[in-house]
Amino acid sequence: MPRQTVNPYTNEVLKTFADATDVDIQQALETADGLYHEMKSKPISTRATILHGIAKYMRYNKYDLAKVMTLEMGKLISESEGEVELCADIADYFADHGAEMMEPTLLHTRANGEAKVYKQSTGVVLAVEPWNFPYYQIMRVFAPNFMAGNPMILRDAANIPWSAQTFADMIIQAGAPQGSIANLFMSYDQVADIIADPRIQGIALTGSERGGASVAKEAGQNLKKSTMELGGQDAFIVLDDANMDDVNNIAWRARLYNAGQVCTSSKRFIVMDSVYDEFLENLIKNFASVQPGDPMDNATTLAPMNTKKAKEKLQKQVDEAVAAGATVAYGNKPIDLPGQFFMPTILIDIAADNPAMHTEMFGPVAQVYRVHSEQDAIDLANNSQYGLGGIVFSGDPLHGEKVATQINTGMVYVNTFMTSLPELPFGGVKNSGYGREMSELGLMAFVNEQLVVTADRPDMNNVTGGLVKLDPTND
């Protein structure tokens, strides 16, 4: 079936896109693989210039690019424009720092000769990406891999075909060579086939646990390196000495940004007993203050959810939580608008056997827990199959940092909003996945770190059977 762009505010079908044929896939692979071999012989500075050009193009066309995202998946136009700007920042960052990151590393060694680790491109990378940040999710894989010399094949979410094609077209229009990125509307079977193709050398996926497990299995069977950024059930811990003005100002934003459809969104608020009542009162007040409406209107502060299916899934999760004993402190009522709006909702009194305790609610629903000690807060935060991000608020930043190191996640922010920046590694542990994107770690995800040891001539006195004889006194 053709892919459809359905505006979640008006429910109108805006565009349709044809699925990729096997011929389309083979042509894309051939072009990308040809570019990979071509880029290996060209200086990295040429790619830096192109990435800077992409950043400039995105900033110049910011509103038009943002409008596509807002019309297709419903996010506020201000959020869409911010996403375009972030993508431009990512492109500029890797253009500025990629060459330095790719420089050979000199190793200190007892081996005969000079040891260096060279950083080399490996081949075409397949990116399987979600819908909630239509450009950013792609850019954080594309930019570092383009600098490294790895072209990209993109398989994006089925409900944002317009955004995916717009991004891929934009990269070429901004000056990148053909083959740098190819957007293909592939089925799951086609994804499995392309992973098996020897021209694919890496797979980066952002998405659900189920999707990640499926793709990771295919990657493992074909001995392909992969990175997985999956779900999150991030904790927002409020200690009893926290600055409550800061907490109350940030907590609701941390949950409702992008209509709560963020893997690193704060989903579980774990609050010390002494400040619990104040926290809950302010969260209710702030949730009640948002204004649903047209996401293209700057006066709107609550966007619709991305699809009818997503809204219905979230409602089912809330209903199950309430049936299991949770109390609705605010929300869970219909919004009288035609779009896929979900009223911001706060759940409390969530017992240990409630399914909500271990469910990622991907939308504007907050779970608030009362705890009586710092250790209880840490234990509850870690009582999750996920381990992506988190936030800790403490009156003593150093103590907050100490608590943060006890949270089993890939990222924790102390006394501040979670921020995605190109210089900061992004990723998680447990069922939230493995590997990192962004920063130098992201650039190295699909790079061959080749060891080269160079000597003037072999030292025959210290070699036997191919093994170097080392004096144990020098260990």
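None of the values given here were measured: they were computed from a predicted structure.

Conventions we followed
- Residues numbered from 1 in each chain as written.
- Predicted model: local features only at pLDDT ≥ 70, side-chain atom pairs only at ≥ 80, totals over all residues.
- Heavy atoms only, no water.
- Pairing = 2+ DSSP bridges.
- Helix = DSSP H or I, 4+ residues; strand = E, 2+ residues; numbered from the N terminus.
- Axes fitted to C-alpha atoms, helices over the stretch in contact; angles between N-to-C directions.
- Parallel < 35°, antiparallel > 145°, perpendicular 65-115°, else oblique.
- Left-handed = near helix turned anticlockwise from the far one by under 90°.
- Contact = heavy atoms within 4.5 Å.
- Nonpolar A, V, L, I, M, F, W, Y, C, P; charged D, E, K, R; others polar.
- Salt bridge = Lys/Arg side-chain N within 4 Å of Asp/Glu carboxyl O.
- Buried < 20%, exposed > 50% of the residue type's maximum accessible area, 1.4 Å probe, protein only.
- Core = buried A, V, L, I, M, F, W, Y, C linked by side-chain atoms within 4.5 Å.
- Patch = residues over 30% accessible without salt bridge, like charges linked within 9 Å, V, L, I, M, F, W, Y side chains within 5 Å.
- Areas by Shrake-Rupley, 256 points an atom, 1.4 Å probe, with all protein chains shown as cover.
- Phe/Tyr/Trp six-rings, centres within 6.5 Å; stacked < 30°, edge-to-face > 60°.
- 1 Å grid on protein atoms, 1.4 Å probe; cavity = no way out; pocket = protein on both sides within 12 Å on 5 of 7 lines; lining within 4 Å.
- Points joined across faces, edges and corners; volume = space filled by probe spheres on them.
- Polar contact = N/O pair within 3.5 Å; in protein donor to acceptor, adjacent residues only side chain to side chain.

*Asks:* Would you mind going over the sheet that holds strand β20 (residues 447-454) with me for this structure?
*Replies:* The pairing of strands in a sheet happens through backbone hydrogen bonds and is either parallel or antiparallel. Taking strand neighbours across the sheet as the criterion, the 3 strands line up as β3-β4-β20 in an open arrangement whose pairing is antiparallel. Looking at the sheet topology across the chains shown, the edges are occupied by β3 (105-107) and β20. Geometrically, the sheet is characterised by an average inter-axis angle of 30° between neighbouring strands, direction not taken into account. Summarising the sheet, β3 and strand β4 (residues 114-121) pair through 3 bridges and their orientation is antiparallel. Paired with leucine 106 across the strands is lysine 116, a residue of β4.

*Asks:* Explain the packing of helix α4 (residues 77-101) against helix α5 (residues 136-148) to me, please; I cannot follow it from the model alone.
*Replies:* A pair of packed helices is captured by two measures, namely the crossing angle of their axes and the spacing between those axes. Their axes nearest at 9 Å, the elements α4 and α5 cross at an angle of 15°. Considering their axes alone, α4 and α5 lie roughly parallel with respect to each other. The element α4 and its partner α5 pack so that their crossing is right-handed. Residues Glu83, Leu86, Cys87, Ile90, Ala91, Phe94, Ala95, Gly98 and Ala99 of α4 touch α5, and the partners they reach there are Tyr136, Met139, Arg140, Ala143, Pro144 and Met147. Considering only residue class, the contact of α4 with α5 consists of 12 nonpolar, 1 polar and 2 charged.

*Asks:* How should I be thinking about the sheet that holds strand β8 (residues 200-206) in this particular structure?
*Replies:* Read across the sheet, 6 strands follow the order β7-β6-β5-β8-β9-β19 without closing on themselves; strand pairing throughout is mixed. Pairing within the sheet leaves two strands with one partner each, and these edge strands are β7 (181-183) and β19 (433-434). This element, helix α8 (residues 209-221), spans β8, β9 (225-229) and β19 of the sheet and lies at about 170° to β8.

*Asks:* How should the pattern of salt bridges be read in this particular structure?
*Replies:* Pairs can form between side chains of opposite charge once their charged atoms are near each other. For the structure shown, the criterion picks out 15 salt bridges. Residues lysine 308 and glutamate 312 are paired through a salt bridge, measuring 2.4 Å at the closest nitrogen-oxygen approach. In this pair, lysine 308 and glutamate 312 both sit in helix α11 (residues 308-323), 4 residues apart, roughly one turn of the helix. Here glutamate 312 falls in the partly exposed class, since its relative accessible area comes to 44%. Each of Arg59, Lys62, Glu85, Asp89 and Asp92 takes part in a single network of salt bridges with overlapping partners.

*Asks:* Looking at this structure, how should I read the packing of helix α3 (residues 62-73) against helix α6 (residues 161-173)?
*Replies:* The geometry of α3 relative to α6 is characterised by a closest axis approach of 9 Å and an angle of 165° between their N-to-C directions. As the angle between them shows, α3 and α6 are arranged roughly antiparallel. The handedness of the crossing between α3 and α6 is left-handed. Taken together, the residues of α6 that come into contact with α3 (itself represented by Leu65, Val68, Met69, Leu71 and Glu72) are Pro161, Trp162, Ser163, Thr166 and Met170. Across the contact of α3 with α6, the residue classes break down as 7 nonpolar, 2 polar and 1 charged.

*Asks:* Quick question: what am I supposed to make of the nonpolar core here?
*Replies:* Most often, soluble globular proteins keep nonpolar side chains buried together rather than apart. Judged by nonpolar contacts, the single largest core of 122 residues is most densely connected at Leu51, Ile54, Met139, Phe236, Phe279 and Val368. The element best represented in this core is α4, accounting for 11 residues. Judged by nonpolar contacts, the second largest core, of 22 residues, contains Leu29, Val124, Val128 and Ile200.

*Asks:* Would you mind showing me how to read the pairing of β4 here?
*Replies:* For a regular strand, side-chain orientation follows a simple rule: the groups alternate between the two sheet faces. A one-sided burial pattern is seen for β4, the buried positions being Ala115, Val117, Lys119 and Ser121 and the unburied ones Glu114, Lys116, Tyr118 and Gln120. Turn length for the β3-β4 hairpin, with the two strands adjacent in sequence and antiparallel, is 6 residues, and the turn residue glycine 113 shows positive phi of about 115°. One ladder, built from 8 bridges, connects β4 with β20; its direction is antiparallel. When the sheet's bridge partners are listed, lysine 116 is paired in β20 with valine 452.

*Asks:* Please explain helix α7 (residues 188-196) as it appears in this structure.
*Replies:* Every buried residue of α7 is listed here: Gln190, Val191, Ala192, Ile194 and Ile195. Of the surrounding elements, those touching the buried residues of α7 are α1 (22-39), β5 (124-128), β6 (152-155), β8 and α8.

*Asks:* Where do I start with a nonpolar patch on the surface in this structure?
*Replies:* A surface patch of nonpolar side chains, about 250 Å² in accessible area, is lined by Leu107, Leu451 and Val453. Locating valine 453 in the fold gives a position in strand β20. Relative accessible area serves as the criterion here: at 42%, valine 453 is assigned to the partly exposed category.

*Asks:* Would you mind going over the packing of aromatic side chains with me for this structure?
*Replies:* Two numbers describe a pair of aromatic rings. These are the distance of the centres and the angle of the planes. Scanning all chains against the criterion turns up 11 aromatic pairs. Both rings, one in tyrosine 9 and one in phenylalanine 341, keep their centres 6.1 Å apart while their planes meet at 90°; by these two values the pair is edge-to-face. Within this pair, whereas tyrosine 9 is found in the loop between β1 (3-6) and β2 (13-17), its partner phenylalanine 341 is found in the loop between β12 (327-330) and β13 (345-348), the two being separated by 332 residues in sequence. You can call tyrosine 9 partly exposed: its relative accessible area is 21%. Between phenylalanine 133 and tyrosine 257, the aromatic rings sit 6.4 Å apart at their centres with planes inclined by 20°, giving stacked as the arrangement.

*Asks:* What should I look at first to understand the layout of surface pockets in this one?
*Replies:* Approximately 1,500 Å³ is the volume attributed to the largest pocket. Along its surface, the largest pocket is lined by 39 residues, and Trp131, Gly207, Ser208, Arg210 and Lys313 are the ones closest to its centre. Secondary structure elements with two or more residues in the lining of the largest pocket: α7, β8, α8 and α11. Here the lining of the largest pocket gets 6 residues from one element, more than from any other, and that element is α8.

*Asks:* Looking at this structure, I do not really get the side chain of threonine 409. What am I missing?
*Replies:* Tracing the chain through its elements places threonine 409 in the loop between α13 (397-404) and β17 (413-414). Within the structure, the side chain of threonine 409 is placed 3.0 Å from the backbone oxygen of methionine 411, a separation counted as a polar contact. The contact partners of threonine 409, leaving out residues within four places of it in the chain, are Gly387, Leu388, Gly389 and Val429.

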